[in-house]
Amino acid sequence: MDFKKTKFGKFMNCRVPASKRYQPTEYEHVANCATHGLWILLGYVAMGAVPALVILSMVERTGVCELAVGGVFYGVGVVFFKSDGLVPFAHAIWHLFVAVGAAIHYYAIWRYLYLPGTQLQTSR
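Residues numbered from 1 in each chain as written. Predicted model: local features only at pLDDT ≥ 70, side-chain atom pairs only at ≥ 80, totals over all residues. Heavy atoms only, no water.

Considering the packing of aromatic side chains
Here is the rule: Working definition: rings of Phe, Tyr and Trp (its six-membered ring) pair if their centres are within 6.5 Å, and the pair is stacked with planes under 30 degrees apart, edge-to-face with planes over 60 apart, and tilted otherwise. Under the scheme used here, helices are H or I runs from DSSP no shorter than 4 residues and strands are E runs no shorter than 2 residues, and both carry numbers assigned from the N terminus.
In this structure the tally under the stated criterion is 4 aromatic pairs. Ring centres of phenylalanine 80 and phenylalanine 97 lie 5.4 Å apart, and the angle between their planes is 20°; this geometry places the pair in the stacked category. One end of the pair, phenylalanine 80, is in helix H2 (residues 64-82); the other, phenylalanine 97, is in helix H3 (residues 90-112), and 17 residues separate them in sequence. Centre to centre, the rings of phenylalanine 81 and tryptophan 94 are 4.8 Å apart; their planes meet at 50°, and the pair counts as tilted. Remark: tryptophan 94 occurs in helix H3 and phenylalanine 81 occurs in helix H2; sequence separation between them is 13 residues.

What follows is the structure, encoded as structure tokens:
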């Protein structure tokens, strides 16, 4: 049964052949990359501003170094993620960087927030 010949098929668009698809000009491609890069940069700045204010107001800053090192591993991993297809096994390398960054963050939380041997006191 051909779906295109049913009463619902007339509302479905067929895939456009490659020769008739819209191809952005080089200027449009550069403009898209620049605007996407700007929005990504602004997003990272916003995501970093609020935690930075919290860290600056902290009395005891133990564990911040581990969080920063984990963030660096995540950031370096992005380079491999974006070079997928150019660098052999780039996607697998990216996964390794993400795993190491997550392990460092986990260690920082375990070491500085989850204090082994101490019990939390509650009101009851």
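Once the structure has been displayed, the description carries forward.
Here we look at the layout of surface pockets
Quick reminder of the rule: Points on a 1 Å grid, built from protein atoms alone, make a cavity when a 1.4 Å probe fits but cannot get out and make a pocket when they are open with protein on both sides within 12 Å along at least 5 of 7 lines; residues with an atom within 4 Å of a point are the lining residues. Grid points are joined across faces, edges and corners, and a volume is the space filled by probe spheres set on the points. Each residue is assigned to one class: nonpolar for Ala, Val, Leu, Ile, Met, Phe, Trp, Tyr, Cys and Pro, charged for Asp, Glu, Lys and Arg, and polar for all the others, Gly among them.
Space inside the largest pocket adds up to approximately 500 Å³. Every residue lining the largest pocket is counted, 20 residues in all, and those nearest its centre are Pro51, Ile55, Val64, Leu67 and Gly71. Residues belonging to the lining of the largest pocket are distributed by class as follows: 14 nonpolar, 5 polar and 1 charged.

Side note on the packing of H2 against H3
As a reminder, the rule being used: As a rule, the C-alpha atoms of each element are fitted with a line to give its axis, helices using only the stretch in contact, and angles between N-to-C directions run from 0 to 180 degrees. With respect to orientation, any angle under 35 degrees is reported as roughly parallel, any angle over 145 as roughly antiparallel, any angle of 65 to 115 as roughly perpendicular, and every other angle as oblique.
Between H2 and H3, whose axes approach to 8 Å, the crossing angle comes to 170°. Here H2 lies roughly antiparallel to H3, going by the angle between them. Residues belonging to the contact of H2 with H3 are distributed by class as follows: 19 nonpolar, 6 polar and 1 charged.

Considerations on a nonpolar patch on the surface
Counted only if it meets this: Only residues whose relative accessible area exceeds 30% and that form no salt bridge are eligible for patches; like-charged ones are grouped when within 9 Å, while nonpolar side chains (Val, Leu, Ile, Met, Phe, Trp, Tyr) are grouped when within 5 Å. The Shrake-Rupley method, run with a 1.4 Å probe, gives the accessible areas here. Residue values count only the displayed protein chains as cover. A side-chain nitrogen of Lys or Arg and a carboxyl oxygen of Asp or Glu constitute a salt bridge if their distance falls within 4 Å. Burial here depends on accessible area, computed with a 1.4 Å probe over protein chains only, as a share of the maximum for the residue type. Under 20% is buried, over 50% is exposed, and the range in between is partly exposed.
On the surface, a nonpolar cluster with roughly 520 Å² of combined accessible area is contributed by Tyr106, Tyr107, Trp110 and Tyr114. Mapping tyrosine 114 onto the fold places it in the segment after H3. Tyrosine 114 gets classed as exposed once you look at its relative accessible area, which sits at 54%.

A word on the environment of valine 79
For valine 79, the location among the structural elements is in helix H2. Accessibility expressed as a relative area gives 56% for valine 79, which makes it exposed. On a C-alpha basis, the gap between valine 79 and alanine 90 in space is 8.9 Å, while along the polypeptide they are 11 residues apart.

Observations concerning H3
Counted only if it meets this: In this scheme, a helix's expected span is set at 1.5 Å multiplied by one less than its residue total. Contacts were defined at the residue level, with two residues in contact if any of their heavy atoms lie within 4.5 Å.
With 23 residues, H3 extends 33 Å from end C-alpha to end C-alpha; this agrees with the ideal 33 Å at 1.5 Å per step. Taken together, the buried positions of H3 are occupied by Ala90, Phe97, Gly101, Ile104 and Ala108. Taken together, the buried residues of H3 touch H2.

Thoughts on unusual backbone geometry
The phi torsion at phenylalanine 89 lies on the positive side, around 60°, for a residue other than glycine. Here phenylalanine 89 is to be found in the loop between H2 and H3.

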